[in-house]
Amino acid sequence: MPLRLFNTYSRTLEEFHPLDPAGSEVKMYTCGPTVYAHAHIGNFRAYLFEDLLQRHLESRGFQVRRVMNITDVDDKTIQGSRSAGIPLAEFTSSFKQAFFADLDTLRIKRADHFPEATEPGQIAAMIEMIKTLVERGLAYQAEDKSVYFRINKFPGYGQLAHFDLSELRSTGRVKSDEYDKEHVGDFALWKAWDEEDGAVRWESPWGPGRPGWHIECSAMATQLLGDQLDIHCGGVDNIFPHHEAEIAQTEGCTGRKFVRYWLHCAHLMVDGQKMSKSLGNFYTLRDVLAKGYSGREVRYALMRVHYRAQLNFTWEGMEESRKALRRIDAWVARLREKAEEENAQRPTPNVQRPTEEGSGFEDALDDDLNISGALGVLFETISETNLALDLGKLDSDAARLRLQWWERIDRVLAVSGEETVALPAEITALAEARTQARLAKEWRKSDELRDELAAKGWEVRDTKDGQKITRRGGV
RNA sequence: GGCGGGGUAGCCAAGUGGUAAGGUCGGGGUCUGCAAAACCUCUAUUCGCGGGUUCGAUUCCCGCCCCCGCCUCCA
């Protein structure tokens with residue numbers, strides 16, 4: 001079954017084949033964060049979608065070379081550093097660190113490169129690109145000293161978003177004091193320095209200033225991956241103008257098709273509206289962790305809905321995700337237990353063995369990352385296995401095969417295993433007291449201790465191997 | 001207004017021209033000192049609305065309604 005992906009450019013599902021003649025290497029560029037604040041979970045939904053894509057590509061044998069940029073200079077970062085009264089680099093560095101910590105919490109694989117816009121080499125590359133565009137008449141310096149891209153000189157402008165330029169409407173969200181532009185749609189490649197920028201400035205052939213946002217990605221992508229990319233991802237809100245601008249700038253310089261597959265992730269919603277910093281209706285990862293949820297629970301919750309469908313974030317959804325993961329955990333634990341048993345000399349009667357390790361999970365993901373279908377395959381397998389175990393129809397060999405299958409698909413899902421939490425001494429002491437009470441069959445005391453543990457946020461379950469204690473999640 | 005995405009059980013969500021995966025909640029059961037957990041099991045004559053094509057449509061076609069996003073800060 002071929003891998004098919006929905007290409008925003010063509011608005012159709014297309015079979016995926018990388019540019020690499022050997023059909024192995026995939027060059028992937030993913031728009032990263034602007035480090036002026038903590039990323040919110042809507043941002044992470046996009047990064048999780050990209051992680052799922054990368055992991056699935058790898059499970060299908062591709063070598064993914066991925067770049068994710070860090071935007072560490074723009075209006076917001078400059079404003080932030082000014083109001084904090086510290087240099088730009090100092091201001092952004094804590095948010096960079098937090099971003100990487102959050103990636104780890106969510107088990108998002110690291111990209112091969114995380115270029116930063118302010119790296120001298122990147123700034124130089126941006127200036128080179130702008131020079132080329134000016135030489136070719138695709139850009140011009142306006143009276144305000146800024147350099148703009150001349151969209152009327154680039155016939156393809158608007159094709160990704162499928163916009164008719166003559167019908168562009170201003171939303172009034174951006175202050176339109178840029179009367180110097182030839183066309184309202186012309187976008188800044190180089191922003192001339194002004195007093196608001198303070199010490200943030202680089203020299204250029206057009207005077208001091210800083211790069212525009214769009215050119216950053218064009219420069220960093222081509223520096224690290226070459227003129228042509230296989231896949232470029234981002235949120236749907238990047239389609240226009242950001243990705244449209246990237247195409248215009250990059251192809252204006254190289255004359256070659258920049259990106260072969262454009263993939264865009266729908267928004268995370270909250271109360272039926274887009275989660276965004278400007279609306280103020282956002283949660284950071286830290287906010288959700290503070291409610292007692294783990295990174296893998298957030299990962300699951302944000303990954304379980306198809307990337308092109310809007311996903312409404314709710315605490316109920318978090319709870320559903322937690323329960324679903326518990327079901328997986330219990331199943332894996334049960335399989336491990338069974339797998340460790342030696343098979344009896346006599347084969348188990350009517351044993352059910354997976355005749356051939358199914359690829360239903362991967363097949364579903366081949367269909368434009370149909371995660372719901374893939375999870376359906378997983379949960380059906382869980383039910384079948386549990387039933388077979390109940391009926392004594394699954395022996396240790398079969399359990400080992402199932403486990404191997406699970407390990408394979410979990411390289412894509414990356415949700416297995418709860419993070420182990422160390423028990424505080426106080427809790428250990430209470431638990432020990434309860435064990436003693438139970439041995440003495442002092443049920444009332446046992447129950448009181450259970451209540452006490454519960455009040456402290458720890459859940460006790462009695463199993464045939466004694467009591468098990470877990471941190472109670474939620475609320 | 002233009003361009004997209006979506007409307008399937010209480011909630012979340014797959015899917016197919018032939019009669020609706022899965023998760024979660026809820027009901028029932030097994031287990032248990034009691035619980036919890038775990039496991040099993042039941043729960044949509046029906047897929048936004050109205051037409052049409054068809055032996056048959058949730059799935060194809062036409063029209064309409066509603067929600068959300070983008071239209072130069074945004075993942």
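Conventions adopted
- Residues numbered from 1 in each chain as written.
- Chains lettered and ligands numbered in written order.
- Predicted model: local features only at pLDDT ≥ 70, side-chain atom pairs only at ≥ 80, totals over all residues.
- Heavy atoms only, no water.
- Helix = DSSP H or I, 4+ residues; strand = E, 2+ residues; numbered from the N terminus.
- Expected span 1.5 Å × (residues − 1).
- Buried < 20%, exposed > 50% of the residue type's maximum accessible area, 1.4 Å probe, protein only.
- Arc of directions from axis to C-beta.
- Contact = heavy atoms within 4.5 Å.
- Domains from an automatic or database assignment.
- Buried area = accessible area lost by both parts, 1.4 Å probe.
- Salt bridge = Lys/Arg side-chain N within 4 Å of Asp/Glu carboxyl O.
- Polar contact = N/O pair within 3.5 Å; in protein donor to acceptor, adjacent residues only side chain to side chain.
- Pairing = 2+ DSSP bridges.
- Axes fitted to C-alpha atoms, helices over the stretch in contact; angles between N-to-C directions.
- Right-handed = clockwise from strand over helix to strand, strands pointing away.
- Patch = residues over 30% accessible without salt bridge, like charges linked within 9 Å, V, L, I, M, F, W, Y side chains within 5 Å.
- Areas by Shrake-Rupley, 256 points an atom, 1.4 Å probe, with all protein chains shown as cover.
- Lys, Arg positive; Asp, Glu negative; His and termini not counted.
- Charge placed at Lys NZ, Arg CZ, Asp CG, Glu CD.
- Parallel < 35°, antiparallel > 145°, perpendicular 65-115°, else oblique.
- Left-handed = near helix turned anticlockwise from the far one by under 90°.
- Phe/Tyr/Trp six-rings, centres within 6.5 Å; stacked < 30°, edge-to-face > 60°.

1. A word on helix α11 (residues 371-390)
An α-helix turns once every 3.6 residues. As a result, residues three or four positions apart point the same way.
Now for step 1: Across its 20 residues, α11 extends 28 Å between first and last C-alpha, which sits within 8% of the 28 Å expected from 1.5 Å per residue.
Now for step 2: Among the residues of α11, Ile 371, Ala 374, Leu 375, Leu 378, Thr 381, Ile 382, Thr 385, Asn 386, Ala 388 and Leu 389 are the ones counted as buried. Down the axis of α11, the buried set is contained in an arc of 160°. They therefore lie on one face. Relative to its buried face, α11 has exposed residues pointing more than 90 degrees away, namely Glu 380, Leu 387 and Asp 390.
Now for step 3: Buried residues along α11 sit against α1 (41-59), α8 (295-303), α9 (315-340), α10 (360-366) and α12 (396-413).

2. Points about the domain arrangement of chain A
Now for step 1: Domain annotation for chain A reports domain 1 (4-303), domain 2 (344-413) and domain 3 (425-471).
Now for step 2: A separation of 40 Å is found between the C-alpha centroids of domain 1 and domain 2.
Now for step 3: Tallying the contact residues gives 14 residues for domain 1 and 13 residues for domain 2.
Now for step 4: With both sides pooled, the region where domain 1 packs onto domain 2 buries about 1300 Å², and carbon together with sulfur makes up 56% of that total.
Now for step 5: Of all residues in domain 1, the largest losses of buried area upon contact with domain 2 belong to Leu 52, His 56 and Arg 60, amounting jointly to 38% of the total for that side.
Now for step 6: In this assembly, domain 1 and domain 2 are joined by 3 salt bridges.
Now for step 7: Residues Asp 367 and Arg 4 are paired through a salt bridge, measuring 3.6 Å at the closest nitrogen-oxygen approach.
Now for step 8: The interface formed by domain 1 and domain 2 contains 8 residue pairs in polar contact (both at pLDDT 80 or more).
Now for step 9: Elements that contribute at least two residues to the side of domain 1 that touches domain 2 include exactly β1 (4-7), α1 and α8.

3. Quick look at the sheet that holds strand β8 (residues 209-211)
Now for step 1: Pairing within the open sheet is antiparallel, and its 4 strands lie in the order β5-β6-β7-β8. Edge strands, defined here as strands with exactly one partner in the open sheet, are β5 (139-141) and β8. With direction set aside, neighbouring strand axes in the sheet form an average angle of 20°.
Now for step 2: Where strand β7 (residues 188-192) meets β8, 3 bridges bridge the pair, whose relative direction is antiparallel. Note that in β8 the partner of Ala 192 across the bridge is Gly 209.

4. Observations regarding the pairing of strand β4 (residues 63-68)
Now for step 1: In this structure, strand β3 (residues 25-30) lies alongside β4, joined through 6 bridges in parallel fashion. When the bridges of β4 are listed, Tyr 29 appears paired with Val 67.
Now for step 2: Of the crossover connections in this fold, the one passing from β3 over α1 to the parallel β4 is right-handed.

5. Topic: helix α4 (residues 120-135)
Now for step 1: With 16 residues, α4 should reach 22 Å at 1.5 Å per residue; the first-to-last C-alpha distance of 23 Å fits that figure.
Now for step 2: Taken together, the buried positions of α4 are Gln 122, Ile 123, Ala 125, Met 126, Ile 127, Met 129, Ile 130 and Leu 133.
Now for step 3: Where α4 is buried, its residues contact β5, β6 (147-149), β7, β8, α5 (213-225) and α6 (239-254).
Now for step 4: Downstream of α4 by a residue or two, Gly 137 has a phi angle that is positive, lying close to 80°.

6. Concerning a positive patch on the surface
Now for step 1: A surface patch of like charges, here positive, comprises Lys 323, Arg 326, Arg 461 and Lys 468.
Now for step 2: On the secondary structure map, Arg 461 appears in strand β14 (residues 458-463).

7. Looking at the packing of helix α13 (residues 425-439) against helix α14 (residues 443-455)
Now for step 1: With their axes 8 Å apart at the nearest point, α13 and α14 run at an angle of 160° to one another. Looking at the two axes, α13 sits roughly antiparallel to α14. With respect to the hand of their crossing, α13 and α14 are arranged in left-handed fashion. Contacts from Ile 427, Leu 430, Ala 433, Arg 434, Ala 437 and Arg 438 in α13 reach Trp 443, Lys 445, Ser 446, Leu 449, Arg 450, Glu 452 and Leu 453 in α14.

8. Thoughts on the environment of Gln 141
Now for step 1: Relative to the assigned elements, Gln 141 resides in strand β5.
Now for step 2: Take Gln 141: its relative accessible area is 36%, and that puts it in the partly exposed class.
Now for step 3: Between the C-alpha atoms of Gln 141 and Asp 180, which are 39 residues apart in sequence, the distance is 9.3 Å.
Now for step 4: Among the polar contacts made by the side chain of Gln 141, one reaches the main-chain carbonyl oxygen of Lys 145 at a distance of 2.6 Å.

9. Considerations on the packing of aromatic side chains
Now for step 1: Inspection of the entire model under this criterion finds 23 aromatic pairs.
Now for step 2: Relative to Tyr 47, the ring of Phe 44 has its centre 5.7 Å away and its plane inclined at 80°; by these criteria the two rings are edge-to-face. Of the two residues, Phe 44 and Tyr 47 are both situated in helix α1; the distance of 3 residues between them amounts to about one turn of the helix. For the pair formed by Phe 44 and Tyr 47, the shared burial category is buried.

10. Overview of the pattern of salt bridges
Now for step 1: Summed over the entire model, instances satisfying the criterion amount to 31 salt bridges.
Now for step 2: Measuring nitrogen to oxygen at the nearest pair gives 2.6 Å for the salt bridge that ties Lys 109 to Glu 58. Within this pair, whereas Lys 109 is found in the loop between α3 (88-105) and α4, its partner Glu 58 is found in helix α1, the two being separated by 51 residues in sequence.
Now for step 3: One salt bridge in this structure joins Asp 75 and Arg 210, with 2.6 Å as the shortest N-O distance. Linking Asp 75 in helix α2 (residues 75-84) with Arg 210 in strand β8, this pair joins segments that are 135 residues apart in sequence.
Now for step 4: Of the residues examined, Arg 210 reaches a relative accessible area of 7% and is grouped as buried.
Now for step 5: Several salt bridges converge on common partners, so that one network encompasses Asp 75, Lys 191, Asp 197 and Arg 210.

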